[in-house]
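Read off the chains here:
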Amino acid sequence: MRGLMMDEPLTLAAILERANRYFPRGEVVSRRPDGTLSRIKYAALAKRVRRLAQALQQAGLKRGDRVATLMWNHAAHVEAYFAAPLSGGVVHPLNLRLHPDEIAYIAGHAGDRFLIVDDVLWPVFERFRDKVRFERVWVVPFGGMPTPPGAEIYETLLAQSSEDYEFPECDENDAAGMFFTSGTTGQPKGVVYSHRSLVLHSMAECMTDSFGLSQNDTALLLAPMFHVNGWGLPYTCPMAGTKLVLSGGGCGPEELLDLMEQEGVTFACGVPTIWLGVLDALRKNPGGWNFRGPVRVLIGGAAPPESLIRGLDRFGLRIMHAWGMTETSPLATAGRLKAHMHDWNDDRKYEVRCKQGYAVPLIRLRLMRPEGEVPWDGATPGELEVRGPWIAASYYNAPEAANRWSPDGWFRTGDVATIDAEGYVKIVDRAKDMIKSGGEWISSVDLENALMAHPAVREAAVIAVPDAKWQERPLAVIVPRDGASVAPAELEKFLGARFAKWQIPDGFVFATEIPRTSVGKFLKSQLREQYRDWHKQPESTKKD
Ligand code: ADP
């Protein structure tokens, strides 16, 4: 017997329509390049989405055509996130921080037909425009600059179309958005989300035990919208009626805190490096900002050190940990304490909060080793594999990467993790960042997070350096806190309280900054390159 329920397609039109009908006064606040704020209500935004969708159709967009964006985080980018898929196309945000050749490769590989670009990012476009072929290029004006030759003005495009335009019917399995992995591990690969996967993912993000977003919230998105689907917020906020605050091209920690205070932010998300800066700013000026209530801070992209979670707690910013990746839309696990854990002592609770959490509904996880599935004992590591309705089933035109999926169809994440009996995942490391010393594995993440708990250490990255005897040994690259200094012997002693002797780095080198990936994570591949010969250097030059 079949169920007798309506087969309503799950499409982004339903999200936009809900925002328009039920939350017309809900706002998207955008920080413009000059630091001023602009505001648009969901009702007005929905009209502009209709205009843009029609304009794209009039420009000749056919079903499945890709519309690239080269944009910061602001309302017009949200318009593109909706209008491209709702006109039958696919939105494809380009990661503007990549090398121009890489952006050109990605746009070519994706077959992008049109481009929407911020005027302030035109110089970025100039660096690869001769290597790509966009049929039409529309510029979003911010700075009052003259229209560059060969470009058209976004506002003119919108003015020529109708706010009553009816979206064409689409299949829930049609492609809606395309994002490339940022290439932290090898050549970027295209992940293609469908309307259905995005709708289901947004529902999962709304759930109380995941992001818990509602129309009572004001959410600040600090991850760039050109990476990992803007962490889903550009869709989840309109679905829930949440006010969405976008910080443009980003700003310093003090300006961020100002923005949070002014806009009454209740939920903010970004990678740990952003929050390390925010904690520093709060410590320097403890009474500087007055939040209206506790702020939920969602951290993902990399593991936050425990010292960061504890530090921000003191200022009313409560970190919640989540794990995901481009291939998982991104939300796959969220780190809420379970009911019976609330009475535990603080240390035990922090231990759980440092883990990446358990799977959100509809997502399944397993840990694998060559010999088979690994038990959920919180101790035995294995490669984390994942499946679910918003997990990629393949990459776009990349048959060479088919081995990222197991023969029975699970996605192999490349992350090494443990899972405990309660189901909490702990990412031990990325497989390629682990340090293999004399047949034993050392987690770079554990060492980094322990080092960042030292009062004189602002940031720490631990990498493997080749070693004749042990194959690899850990080396720590340390950025001291402003004005602080610390001797390597002191750091060794500090780590000695928690780590076995063989796990302690062979050396500590000091740097003024740690190179970042295009999305703000530590760029360890560059450090590995830079310090490859560290063991071969004369002793006198090793210690700074
Ligand atoms: P890339 O950095 O390769 O572009 P993504 O941006 O999609 O890939 O990031 C996904 C990766 O980020 C995961 O595979 C994992 O290694 C890391 N990651 C994401 N969230 C967390 C987290 N909460 N803790 C630790 N690592 C994380």
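Just above, that's the structure.
Notes on the structure follow. (Residues numbered from 1 in each chain as written. Predicted model: local features only at pLDDT ≥ 70, side-chain atom pairs only at ≥ 80, totals over all residues. Heavy atoms only, no water.)

## Side note on the pattern of salt bridges
Phase 1 of the analysis: Counted by the stated rule, this structure contains 36 salt bridges.
Phase 2 of the analysis: Close ionic contact of D174 with R63 constitutes a salt bridge, the shortest N to O distance being 2.7 Å. Here R63 lies in the loop between α2 (42-58) and β3 (66-70) and D174 lies in the loop between α6 (154-159) and β8 (175-180), a separation of 111 residues in the sequence.
Phase 3 of the analysis: Accessibility expressed as a relative area gives 60% for R63, which makes it exposed.
Phase 4 of the analysis: Taking the shortest distance from any N to any O, the salt bridge between E263 and K243 comes out at 2.8 Å. Of this pair, E263 sits in helix α9 (residues 253-263) while K243 sits in strand β11 (residues 243-246), placing them 20 residues apart in sequence.
Phase 5 of the analysis: Taking the relative accessible area as the measure of exposure, K243 reaches 17% and is therefore buried. (Salt bridge = Lys/Arg side-chain N within 4 Å of Asp/Glu carboxyl O. Helix = DSSP H or I, 4+ residues; strand = E, 2+ residues; numbered from the N terminus. Buried < 20%, exposed > 50% of the residue type's maximum accessible area, 1.4 Å probe, protein only.)

## Side note on the side chain of S30
Phase 1 of the analysis: For S30, the position within the fold is in strand β1 (residues 27-31).
Phase 2 of the analysis: Owing to a relative accessible area of 4%, S30 belongs among the buried residues under this scheme.
Phase 3 of the analysis: Of the polar contacts made by the side chain of S30, one reaches the backbone nitrogen of A75; its length is 3.0 Å.
Phase 4 of the analysis: Among all residues touching S30, those that are not within four sequence positions of it are T36, L37, S38, H74, A75 and L246. (Polar contact = N/O pair within 3.5 Å; in protein donor to acceptor, adjacent residues only side chain to side chain. Contact = heavy atoms within 4.5 Å.)

## Observations regarding the nonpolar core
Phase 1 of the analysis: If you look at the biggest cluster of nonpolar residues, it comprises 93 residues, and the most contacted ones within it are L12, F82, I116, L221, L233, L244 and L384.
Phase 2 of the analysis: With nine residues, the single largest contributor to this core is helix α3 (residues 75-86).
Phase 3 of the analysis: When residues no more than four places from it in sequence are discounted, the contact partners of L244 are E27, V28, V29, Y42, V78, A219, L221, L233, P234 and C237.
Phase 4 of the analysis: Grouped together as the second largest cluster of nonpolar side chains are 60 residues, V29, A281, V457 and F499 included. (Core = buried A, V, L, I, M, F, W, Y, C linked by side-chain atoms within 4.5 Å.)

## Describing the environment of E383
Phase 1 of the analysis: By secondary structure assignment, the location of E383 is in strand β19 (residues 382-387).
Phase 2 of the analysis: Between the alpha carbons of E383 and T418 there is a distance of 8.5 Å; along the sequence they are 35 residues apart.
Phase 3 of the analysis: Within the structure, the side chain of E383 is placed 2.7 Å from the backbone nitrogen of G414, a separation counted as a polar contact.

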